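So the chains spell out like this:
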Amino acid sequence: MNPQRRLPVGAEPLAEGGVHFRVWAPRRRRVEVLLTDSSAVELQPQADGYFAGLVASARVGSHYRYRLDGGDAFPDPVSRCQPEGPHGPSEVVDPSPFPWTDRHWRGVSLAGQVIYEMHVGTFTREGTWEAAARELPELAAAGITVVEVLPVAEFPGRFGWGYDGVALFAPTRLYGTPDALRRFVDRAHAVGLGVVLDVVYNHLGPDGNYLSQYAAEYHSVRHATEWGEALNFDGERSGPVREFFVANAGYWIDEFHIDGLRLDATHRIYDDSPEHVLAAIGRRVRAAAMGRATIVVAEDESQRGRMIRPAEKSGFGLDGTWNDDFHHSAFVALTGVSDSFLGDFRGEPQE
């Protein structure tokens, strides 16, 4: 059975009933879907280390894990929702019934935008999408044109900035349901605001990261970052890893109507492939937008011009780069603090 899927992997409910599951686990011999309210259903092995199958008893809202080789069970790497946090079961989500009202929204491009960086957990007392959405008209009235939301991928604990996310397809339960995020974006578009999402594709957090249970090849054996293991975009079996992250970029644009991405610390995304994964990510964002204008910017400490050169000039085709130097120098000037990653800055105008 090869049903039409929105994503290459993950759990997707079918119109005719049941849920189709697909997961990449190349070092495993057996993968079962373990539903919380029924027995396990074994998935069938496919080429290149994938396992897939239809579970007729599963439905939207079902909680599940994957049991690997008859042993422990783990959340889905492509879970769309982790209602009990990154260590709990995954939940089957269907994005298609959401009643979008932004069909006339044409997206946003970079020139002339006034961008407000928002951490949803601290923007309001409630720290939820619903509460943040109530304040969007005030931002628009103040002259803001785009809201850039700090990373929202699921992470452990009760509070975090989002940069140690571990379930990259699951908006954190701390701010509300996936549909609550959709309502936030829909409301933003209604008042004339674009929404750009900060995403982290250079590492995953140390707590709740189960990718290595499925495939050690998710992580690079050649590269490292100061925050954890680098991701494998150019080594052995890197194809499905690239697929995972490129699909994630398109997922936010397709299923949540996000207007673009801010790519965290791209200087720690290592790729010697013929096509750099960042170019593939930018291309997927444009395709997922289906004609809407999008913004894709990179936080790149090395300030490589290749980031914004078009593909026909051997570039990645992104829209811009994030200038951290200004922020770091201004911070040192204002506070006098110049340790850790600020150690190279003196807080002087020449910088």
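Check the entry above for the structure.
Residues numbered from 1 in each chain as written. Predicted model: local features only at pLDDT ≥ 70, side-chain atom pairs only at ≥ 80, totals over all residues. Heavy atoms only, no water.

*Asks:* Where do I start with the overall build of the protein in this structure?
*Replies:* Of the regular secondary structure elements, the protein holds eight helices and 19 strands. At 20 Å, the protein has a C-alpha radius of gyration in line with the 20 Å of a compact globule built from 351 residues. Here the protein holds 351 residues, and the buried ones make up 53% of them. For the protein, long-range pairs separated by at least 24 residues make up 65% of all intrachain contacts whose partners lie at least 6 apart in sequence. One finds the centroid of the 34 positive side-chain charges in the protein at a distance of 4 Å from the centroid of its 49 negative side-chain charges. (Helix = DSSP H or I, 4+ residues; strand = E, 2+ residues; numbered from the N terminus. Rg over C-alpha atoms; globule rule 2.2 N^0.38 Å. Buried < 20%, exposed > 50% of the residue type's maximum accessible area, 1.4 Å probe, protein only. Contact = heavy atoms within 4.5 Å. Lys, Arg positive; Asp, Glu negative; His and termini not counted. Charge placed at Lys NZ, Arg CZ, Asp CG, Glu CD.)

*Asks:* What is the right way to look at the sheet that holds strand β5 (residues 44–45) in this model?
*Replies:* Picture the strands of a sheet paired through backbone hydrogen bonds; they go either parallel or antiparallel. Judged by pairing direction, the sheet is antiparallel, and its four strands sit side by side in the order β1-β2-β6-β5 without closing on themselves. Only two strands of the sheet have a single partner each, and these edge strands are β1 (10–13) and β5. Here β5 pairs with strand β6 (residues 50–55) via two bridges, running antiparallel. Each bridged residue has a counterpart across the sheet, and for Gln44 the counterpart in β6 is Ala52. (Pairing = 2+ DSSP bridges.)

*Asks:* Sorry, what's going on with helix α4 (residues 178–190) here?
*Replies:* Count 3.6 residues to each turn of an α-helix, and residues three or four apart come out pointing the same way. Over its 13 residues, α4 extends 19 Å from the first C-alpha to the last, a length consistent with the 18 Å expected when each residue adds 1.5 Å. Of the positions making up α4, those classed as buried are Pro178, Ala180, Leu181, Arg182, Phe184, Val185, Asp186, Ala188 and His189. Downstream of α4 by a residue or two, Gly192 has a phi angle that is positive, lying close to 90°. (Expected span 1.5 Å × (residues − 1).)

*Asks:* Looking at this structure, how should I read the packing of aromatic side chains?
*Replies:* Aromatic ring pairs are reported here in terms of the distance separating the ring centres and the angle at which the planes meet. The final tally for this structure, using the stated rule, is 20 aromatic pairs. With a centroid separation of 5.3 Å and 80° between ring planes, the pair formed by Phe233 and Phe245 is classed as edge-to-face. Of this pair, Phe233 sits in the loop between β16 (228–231) and α6 (238–256) while Phe245 sits in helix α6, and the two are 12 residues apart along the sequence. Residues Phe233 and Phe245 agree in their burial class; the two are buried. Ring pairing ties together the aromatic residues Trp24, Phe169, Tyr201, Tyr218, Phe233, Phe244, Phe245, Tyr251, Trp252 and Phe256, which thus form one cluster. Above the plane of the ring of Trp322 lies Arg262, whose end atom (NZ or CZ) is 4.4 Å from the centre. (Phe/Tyr/Trp six-rings, centres within 6.5 Å; stacked < 30°, edge-to-face > 60°. Lys NZ or Arg CZ within 6 Å of the ring centre and 35° of its normal.)

*Asks:* I'm lost on the sheet that holds strand β18 (residues 295–298) in this one. Help?
*Replies:* If you trace the six strands from one edge of the open sheet to the other, you get β10-β11-β14-β17-β18-β19, paired in parallel fashion. If you trace the sheet from one side to the other, it starts and ends with β10 (115–118) and β19 (320–321), each paired once. Pairing geometry for strand β14 (residues 194–199) and strand β17 (residues 260–263), over three bridges, is parallel. Of the residues in β17, the one forming a bridge with Leu197 is Leu261. Its contacts with the sheet put α4 on β10, β11 (146–149) and β14, and the angle it makes with β14 is roughly 140°. (Axes fitted to C-alpha atoms, helices over the stretch in contact; angles between N-to-C directions.)

*Asks:* Sorry, what's going on with unusual backbone geometry here?
*Replies:* When glycine is set aside, most residues are seen to have a negative phi, and most peptide bonds are trans. Although it is not a glycine, Asp69 adopts a positive phi angle of roughly 50°. Note that Asp69 resides in the loop between β7 (63–68) and β8 (73–74). On the accessibility criterion, Asp69 (24% relative accessible area) is partly exposed. If you check the backbone angles, Ala265 has positive phi at about 40° while not being a glycine. For Ala265, the location among the structural elements is in the loop between β17 and α7 (277–289). Residue classification places Ala265 among the buried positions, given a relative accessible area of 2%.

*Asks:* Got a minute to help me understand the packing of α4 against α6 in this structure?
*Replies:* Relative orientation and spacing of two packed helices are given, respectively, by the angle between their axes and the distance between those axes. Relative to each other, α4 and α6 sit at 70°, their axes nearing to 10 Å. Here α4 lies roughly perpendicular to α6, going by the angle between them. The segment α4 lies against α6, with Pro178, Leu181, Arg182 and Val185 engaging Trp252, Glu255 and Phe256. Its residues assigned to classes, the contact of α4 with α6 comprises five nonpolar, no polar and two charged. (Parallel < 35°, antiparallel > 145°, perpendicular 65-115°, else oblique. Nonpolar A, V, L, I, M, F, W, Y, C, P; charged D, E, K, R; others polar.)

*Asks:* Please clarify how the packing of α6 against α7 should be interpreted in this entry.
*Replies:* Where α6 contacts α7, the axes come no closer than 8 Å and their chain directions differ by 30°. For the element pair α6 / α7, the angle class is roughly parallel. When the axes of α6 and α7 are compared, the crossing they make is right-handed. Across the interface between the two elements, Arg242, Val246, Ala247, Ala249, Gly250, Ile253 and Asp254 from α6 touch Val277, Ala280, Ile281, Arg284, Val285, Ala288 and Ala289 from α7. Class assignment of the residues belonging to the contact of α6 with α7 gives a composition of 10 nonpolar, one polar and three charged. (Left-handed = near helix turned anticlockwise from the far one by under 90°.)

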